[in-house]
Amino acid sequence: MLNPGANYGPAKCWPAEYFAKLADHLTEQYGARVVASLSPKEREIAEVLRVSVRHPLEIFVDPPLGLGPLKALIRRCQLLITNDTGPRHFAAAFDVPVVTVFGSSDPAWTETRFARERSVKLNLECQPCMERVCPLGHHHCMRQLPPAMVAEKVTELLRPKQALPVCR
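Bear in mind that the values here come from a model prediction, so they are computed numbers and not experimental data.

Undergrad: Honestly, the pattern of salt bridges in this entry has me stumped. Any pointers?
TA: Pairing is possible between side chains that carry opposite charge, provided their charged atoms lie close to one another. All chains considered together, the criterion is met by 12 salt bridges. A salt bridge links Arg54 to Glu28; the nearest nitrogen and oxygen atoms lie 2.3 Å apart. One end of the pair, Arg54, is in the loop between helix 2 (43-52) and strand 3 (57-60); the other, Glu28, is in helix 1 (residues 16-30), and 26 residues separate them in sequence. In this structure Arg54 comes out as exposed when scored by relative accessible area, which is 60%. With a shortest N-O distance of 2.7 Å, Glu117 and Arg88 are connected by a salt bridge.

Undergrad: I'm lost on the nonpolar core in this one. Help?
TA: Among soluble globular proteins, nonpolar side chains are generally buried collectively. Core analysis: the biggest nonpolar cluster contains 34 residues, and Trp14, Leu49, Ile81 and Val150 have the highest contact counts within it. Sorting the residues of this core by element identifies helix 1, strand 2 (34-37), helix 2, strand 3, strand 5 (98-101), helix 5 (140-143) and helix 6 (147-158) as the ones contributing at least two each. With seven residues, helix 1 is the single largest residue contributor to this core. Contacts of Trp14, omitting those with residues within four sequence positions, involve Pro4, Phe19, Leu22, Asn83, Val101, Met142, Leu145, Pro146, Pro147 and Val150.

Undergrad: Is there a simple way to explain the layout of surface pockets in this structure?
TA: Over the atoms, a rolling probe the size of a water molecule traces out where space has been left empty. Reported here for the largest pocket is a volume of approximately 460 Å³. At the level of secondary structure, the elements contributing two or more residues to the lining of the largest pocket comprise helix 1, strand 2, helix 3 (67-76) and strand 4 (80-83). Partitioned by chemical class, the residues of the lining of the largest pocket number 13 nonpolar, one polar and two charged. There is about 400 Å³ of room inside the second largest pocket. Around the second largest pocket sit 18 residues that line it, and Pro4, Pro10, Cys13, Glu44 and Ile45 are the ones nearest its centre. Of all the secondary-structure elements, those providing two or more residues to the lining of the second largest pocket are helix 1 and helix 2. If one sorts the elements of the lining of the second largest pocket by residue count, helix 2 sits on top with three residues. Looking at the lining of the second largest pocket residue by residue, the classes come out as nine nonpolar, four polar and five charged.

Undergrad: Explanation requested: the packing of helix 1 against helix 2 in the structure shown.
TA: The description of two helices packed together rests on the angle between their axes and the distance between the axes. The geometry of helix 1 relative to helix 2 is characterised by a closest axis approach of 8 Å and an angle of 40° between their N-to-C directions. One way to sum up the angle between helix 1 and helix 2 is to call them oblique. Viewed along their axes, helix 1 and helix 2 form a crossing whose handedness is right-handed. Here helix 1 contributes Ala16, Glu17, Phe19, Ala20 and Asp24 to the contact with helix 2, which in turn contributes Ile45, Val48, Leu49 and Ser52. Taken together, the residues of the contact of helix 1 with helix 2 break down into six nonpolar, one polar and two charged.

Undergrad: What should I look at first to understand the environment of Arg88 in this one?
TA: Within the fold, Arg88 resides in helix 4 (residues 87-93). For the pair Arg88 and Thr112, spaced 24 residues apart in sequence, the C-alpha to C-alpha distance is 8.7 Å. Setting aside its immediate chain neighbours within four residues, Arg88 contacts Leu80, Thr82, Asn83, Val98, Thr100, Phe102, Thr110, Thr112 and Glu117. A polar side-chain atom of Arg88 sits 3.1 Å from a polar atom in the side chain of Asp84. Polar contacts involving the side chain of Arg88 include one to the side chain of Glu117, which spans 2.7 Å.

Rules of the game
Residues numbered from 1 in each chain as written. Predicted model: local features only at pLDDT ≥ 70, side-chain atom pairs only at ≥ 80, totals over all residues. Heavy atoms only, no water. Salt bridge = Lys/Arg side-chain N within 4 Å of Asp/Glu carboxyl O. Helix = DSSP H or I, 4+ residues; strand = E, 2+ residues; numbered from the N terminus. Buried < 20%, exposed > 50% of the residue type's maximum accessible area, 1.4 Å probe, protein only. Core = buried A, V, L, I, M, F, W, Y, C linked by side-chain atoms within 4.5 Å. Contact = heavy atoms within 4.5 Å. 1 Å grid on protein atoms, 1.4 Å probe; cavity = no way out; pocket = protein on both sides within 12 Å on 5 of 7 lines; lining within 4 Å. Points joined across faces, edges and corners; volume = space filled by probe spheres on them. Nonpolar A, V, L, I, M, F, W, Y, C, P; charged D, E, K, R; others polar. Axes fitted to C-alpha atoms, helices over the stretch in contact; angles between N-to-C directions. Parallel < 35°, antiparallel > 145°, perpendicular 65-115°, else oblique. Left-handed = near helix turned anticlockwise from the far one by under 90°. Polar contact = N/O pair within 3.5 Å; in protein donor to acceptor, adjacent residues only side chain to side chain.

Right, here's the structure in full:
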């Protein structure tokens, strides 16, 4: 499941076209059925997703999922990929692996201490600014963070468990 929006503001949003590339990667590498959840205020993000993906992607935007259905969907997912938003905490509560993309916010401020969460962020001088909109106007913290970095964390979480050697 993808959660490409952020109620806080656009500074927390990894580009929708990057989420689309990741959705295609998940479909191609894992045969995944990918869904995305957005609010009605995030229709523009939904449209960018819709025109950017090459494989089927079910987008819940209008009508949006309510909190109960959103929690139920996250609980059924094998993985959540999200910006630093509330649904990542639902994933932790339901023991669903989650990859969280950080830009303007500081992972230490919203630490979940969830062993199955992987954080992805760059280390730029302007981070974390904690602003709703990039004060420098370039949004490098998200635009320079390539889908491959997020895909690496996905691979860590979806890697098949290694068989333990048999003790004799």
